[in-house]
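# Examination of the molecular architecture
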Amino acid sequence: MDKKQYIEAGKIVNTHGVKGEVKIQVWLDSPEFLKKFKTVYIDNKAVKLLSGRVHKGFLIAVLDGVEDVNSAMSLKNKTVYIDRKDAKLPKGAYFLQDIIGASVVTEDGSEIGVLKDILETPASQIYVVQGEVEHLVPAVDEFVLKVDAENAVVTVRLIEGM
């Protein structure tokens, strides 16, 4: 499975103030993770992230070349990307997009399908596995036993009704 070089990191949902700051809804683990990047990508163009601060779960960012509310408004609803090579993940960590399309097998090795989607819920993420039947698997240690992002294999434990 090929890994994309650019990873969706979030979406600019609004402006913040009148000096050109943008409010980014972050799709990564946290706004703190995104604010560590020096460069983000918008519309396939590199943009320097001059500064950022976390406010109510969003990243309020100052982007190079965005100096007033009008230029910030022109970025509203744009997706923000990061370059995979700039990301320093802890050992064993992976991006969720790297496991979409992975084979999903049970603990005895039986293939049950392909990971098609990951739903965000308040309690946990839910893995949507499409095979002969669709399985919804809570992404918790009790049910997701192993994630091998490098080889695109997710090992799960199913219970009746799953």
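Computed from a predicted model, the values in this text were never measured in an experiment. (Residues numbered from 1 in each chain as written. Predicted model: local features only at pLDDT ≥ 70, side-chain atom pairs only at ≥ 80, totals over all residues. Heavy atoms only, no water.)

### Details of the overall build of the chain
As a reminder, the rule being used: Segments assigned H or I by DSSP are reported as helices when at least four residues long, segments assigned E as strands when at least two residues long, and all are numbered from the N terminus. Under the scheme applied here, a residue whose accessible area is under 20% of the maximum for its type counts as buried, over 50% as exposed, and between as partly exposed, the area being computed with a 1.4 Å probe on protein chains only. Surface exposure here means Shrake-Rupley accessible area, sampled with a 1.4 Å probe, where a residue is shielded only by the protein chains that are shown. Lys and Arg are tallied as positive, Asp and Glu as negative. Neither His nor the chain termini are counted. One atom stands in for each charge, and that atom is NZ of Lys, CZ of Arg, CG of Asp or CD of Glu.
Looking only at helices and strands, the chain has two helices and twelve strands in total. Its helices and strands taken in sequence order, the chain reads β-β-α-β-β-β-α-β-β-β-β-β-β-β from the N to the C terminus. The principal-axis extents of the C-alpha atoms in the chain amount to approximately 55 × 30 × 25 Å. Residue burial in the chain is summarised as follows: out of 162 residues, 37% are buried. Working note: accessible area of the chain is about 9,900 Å², and carbon and sulfur atoms make up 48% of it. Side-chain charges in the chain split into 21 positive and 24 negative, and the spacing between the mean points of these groups amounts to 10 Å.

### Some thoughts on the pairing of strand β10 (residues 134-138)
Our working rule: Here, strands pair whenever DSSP counts at least two bridges between them.
Where strand β9 (residues 125-130) and β10 come together, five bridges link them in antiparallel fashion. Following the sheet pairing, V128 is matched in β10 by L136. Two successive antiparallel strands, β9 and β10, enclose a turn made up of three residues.

### Digging into the packing of aromatic side chains
Which entries qualify depends on this criterion: Any Phe, Tyr or Trp ring, taking Trp's six-membered ring, that has another such ring centre within 6.5 Å forms a pair; planes under 30 degrees apart are called stacked, those over 60 apart edge-to-face, and the others tilted.
According to the stated counting rule, one finds two aromatic pairs in the structure shown. For the ring pair Y6 and Y41, a centre distance of 4.9 Å and an interplane angle of 65° mean the geometry is edge-to-face. Note that Y6 is positioned in strand β1 (residues 6-16) and Y41 in strand β3 (residues 39-42), a separation of 35 residues in sequence. A ring pair is formed by F33 and F37, whose centres lie 5.4 Å apart and whose planes are at 75°; its orientation type is edge-to-face. Pair check on accessibility: F33 and F37 agree, each one buried.

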